[in-house]
Amino acid sequence: MCGNMIDNSEVVKAETIVELKEILAEDFGVLVTTYLEDAQLRIKRLQLAIVAADVAVIKAEAHSLKGSSLNLGAMSLPELCSQLENCGINESLEGIPALFSKIENEFLRVETALSQYAG
Amino acid sequence: MNMQLLATEQDQKIKVLVADDNESDRMILSSIISKQGYEVLVASNGKEALSLFERERPQIVLLDAIMPEMDGMETARSIKRSAGDDFIPVLFLTSLQDANSLAECLDAGGDDFLSKPYSQIILKAKLNAFLRMRSMHSLMQAQRDEISKHNRHLIHEQKVAKAVFDNVAHSGCLNSPNIKFMLSPLAMFNGDVLLAAVKPSGGMHILLGDFTGHGLPAAIGAMPMAEIFYFMTNKGFGITDIIAEINMKLKSILPVGVFCCGCMVDFNFDKQVIRVWSGGLPDSILYHSGSKTVSRIESKHLALGIRSPDDFNTELQVLEMAKGDRLFICSDGISEALNSNGEMFGEERMIDAMHAAEEDDKLFSSIQDSVTTFMGDSERDDDITLLEVKMVGDFELLNEHTNISNAGQKGPKDWSMQYELGANTLRDFNPLPLMLQIVMEVPGLRPYSGQVYTIMAELFSNALEHGVLGLDSNIKETAAGFIEYYEDRTRHLERLDSGFVRFKFTHRSSTEGGVLIVRLEDSGSGFDHDDKLTLGLQRSRYSGRGLPLVQSLTDSIEYLGVGNAVEVTYVWQYD
């Protein structure tokens, strides 16, 4: 339990969670659910876009996921999204599959952490 | 009114529009904003945001930079366009990092950024700051609108006032063929006045005035000035009476430090003589057509409106002016016009420009061109007014200004009166305006006021000058002699202690008009008018055009008794 908390603090910024809980009060859980559903949708779209090599969609979805993840206090996910967004901007598809699987993994950690906060 | 506008805005909940394609982001923003007490409108793309903006008119807009449908930049531009003069702060929501993208947001009309992750404290502070700016902007706008409304009103008033002013101050017979003038308004109103009027006797009065200052304050004094000038000239008053009256009026109405430099000239087209009163203006210039030379007429007096009536000096300068000679009068605006080096145009340049003219008719335009060229593009800082009046022979405007018919109106038709003036009165009172005024009460006679005035004026001056004062008219044969004669007359009048002139008028009306009998008697010794008196003989005693003129205007002229009484019969018909 204690180990989990330490792990979560590396994935999601605790201060942000405190502020969001204050702002949204009982709606915090709804926010987390909304974010997670939205993020899952975007990750799915990213996957398809990568297969189709659609740089415009890659760029847009990565940007959006970066923004919402920042707002939820995710620590590493926004930076990974930013790298993917840049790949889209520069139209360099080379490192994308590796980057995308990093994002998938990191998102799972964020999901776990947030779900615990939303308790 | 401004305060009301703001109050209305405060009474209603302030609306904040949030446009973000990310639902979780929207949730966070909405919560923060509604916690501040604002109403939140949410859109998930640019198109939605724009239509929501147009429908709800929120006071402040938060836009995600990158959105589907219409992106943030384009949305910002459309919202700003739709807001028009209204200040709608647009804040970009962004996780953009590079400077170019941020600059692009500002170029699109964005007012600030809010970066992700959102901070409650910063968002709160920014909303407050922008709403304060908005109120200030609305206040400023309301004041601006108020000012521009006042300004429009003021300009309208000035236009109306200017039309009235122009009717009063630049009218009369300024369009006479012997007059050229230039008036350059520095402001809408300038301080310069140009007046010209035909005298009942056929001569002309002109007046150029330059009030201190510009604009409305300078223009106000011009109104009574013009009124006195036209009224008194029309009633037959002489130049000294008019200039003294104007001075008295201006002295009584103008505040200290406001006065009017002026030059008034009485043109006598018969005798080819001018009488000039000039105060505070640059020298007037008399151009002699025959010799192509110029002479200067100094301004000898203080400006009008400074001296009290008791100290006011009405002394005139009497000058000959041959037919074709031209008198130039200008305000100091012309001699003090500056070129780009700050030098003044000066009177010398004006005279040079006159010498440069190929012919007399180009004198005026030569001066005009010279001033314009001299000044170049430099700013004018005074009104430039220039007037040219040419001495002409018989003046034709007489009837144009006396064409008011009052035939058929009520008024005295059959009457007689006698009016006797003693020495004390004769010394400094001109009875002609009063006499003319009484006689002109006869309905229908007004169009003939010029002729009647001329008859009365000639008979009265004979009675006074030859009868009462005993002056010899022979010296009047030359123009130079006329000036001497005029000076003699002044001297004799000052010493006058006995004598009288008696006017007797009788008027009888008829269906076609009427008969006016004017009889003048004086205390002089008369002259031998014994039988077979001819006008030729009379002319030897009363030289000049006086009596032949009276004879040509009347139906009969008869000397009576010892020759100190004369009676003329003037038969007139409705115009």
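Residues numbered from 1 in each chain as written. Chains lettered and ligands numbered in written order. Predicted model: local features only at pLDDT ≥ 70, side-chain atom pairs only at ≥ 80, totals over all residues.

Brief notes about the environment of Lys13(A)
Residue and element names in this part refer to chain A.
- Topologically, Lys13 is positioned in the loop between α1 (2-11) and α2 (14-24).
- For Lys13, a count of 16 C-beta atoms within 10 Å translates into the label partly exposed.
- For the pair Lys13 and Leu70, spaced 57 residues apart in sequence, the C-alpha separation works out to 9.6 Å.
- If sequence neighbours within four positions are ignored, Lys13 has contacts with Gly73 and Met75. (Helix = DSSP H or I, 4+ residues; strand = E, 2+ residues; numbered from the N terminus. Buried ≥ 20, exposed ≤ 12 C-beta atoms within 10 Å, placed from the backbone. Contact = placed C-beta atoms within 7 Å.)

Here's the deal with the nonpolar core
- One finds Leu195(B), Met225(B) and Phe229(B) to be the most contacted residues of the largest nonpolar core, which totals 70 residues.
- Counting residues per element, this core draws most heavily on helix α8 (residues 222-234) of chain B, at seven residues.
- With residues up to four places along the chain from it excluded, the contact list for Met225(B) reads Val193(B), Gly209(B), Ile246(B), Leu250(B) and Cys260(B).
- Core analysis: the second largest hydrophobic core is formed by 64 residues, Ala39(A), Leu70(A), Phe107(A) and Val16(B) among them. (Core = buried A, V, L, I, M, F, W, Y, C linked by C-beta atoms within 7 Å.)

Description of the sheet that holds strand β5 (residues 112-115) of chain B
Residue and element names in this part refer to chain B.
- Spatially, the five strands line up as an open sheet ordered β2-β1-β3-β4-β5, and their pairing is parallel. Here the strands that pair on one side only, and so sit at the sheet edges, are β2 (39-43) and β5. Looking at each pair of strands side by side, their axes are set apart by 20° on average, direction ignored.
- In this structure, strand β4 (residues 90-94) lies alongside β5, joined through four bridges in parallel fashion. Directly across from Leu93, in β5, lies its bridge partner Leu114. (Pairing = 2+ DSSP bridges. Axes fitted to C-alpha atoms, helices over the stretch in contact; angles between N-to-C directions.)

Details of the interface of chain B and chain A
- Contacts between the two partners involve 16 residues from chain B and, on the opposite side, 20 residues from chain A.
- Among the elements that line the side of chain B that touches chain A, the one with the most residues is helix α2 (residues 23-35) of chain B, at eight residues.
- Within the side of chain B that touches chain A, the residues separate by chemical class into six nonpolar, five polar and five charged. (Nonpolar A, V, L, I, M, F, W, Y, C, P; charged D, E, K, R; others polar.)

Describing helix α4 (residues 55-71) of chain A
- Its 17 residues place the ends of α4(A) 24 Å apart at the C-alpha level, agreeing with the 24 Å of an ideal helix rising 1.5 Å per residue.
- Just downstream of α4(A) lies Gly73(A), where phi reads positive at about 85°. (Expected span 1.5 Å × (residues − 1).)

Re the pairing of strand β1 (residues 15-19) of chain B
Residue and element names in this part refer to chain B.
- The buried count for β1 comes to four of five residues, which makes it a mostly enclosed element.
- Summarising the sheet, β1 and β2 pair through five bridges and their orientation is parallel. In the strand pairing of β2, Val16 is matched with Val40.
- For the crossover from β1 across α2 to β2, the handedness is right-handed.
- Bridge count between β1 and strand β3 (residues 60-64): four bridges; the pairing is parallel. If you follow Leu17 over to β3, its bridge partner there is Val61. (Right-handed = clockwise from strand over helix to strand, strands pointing away.)

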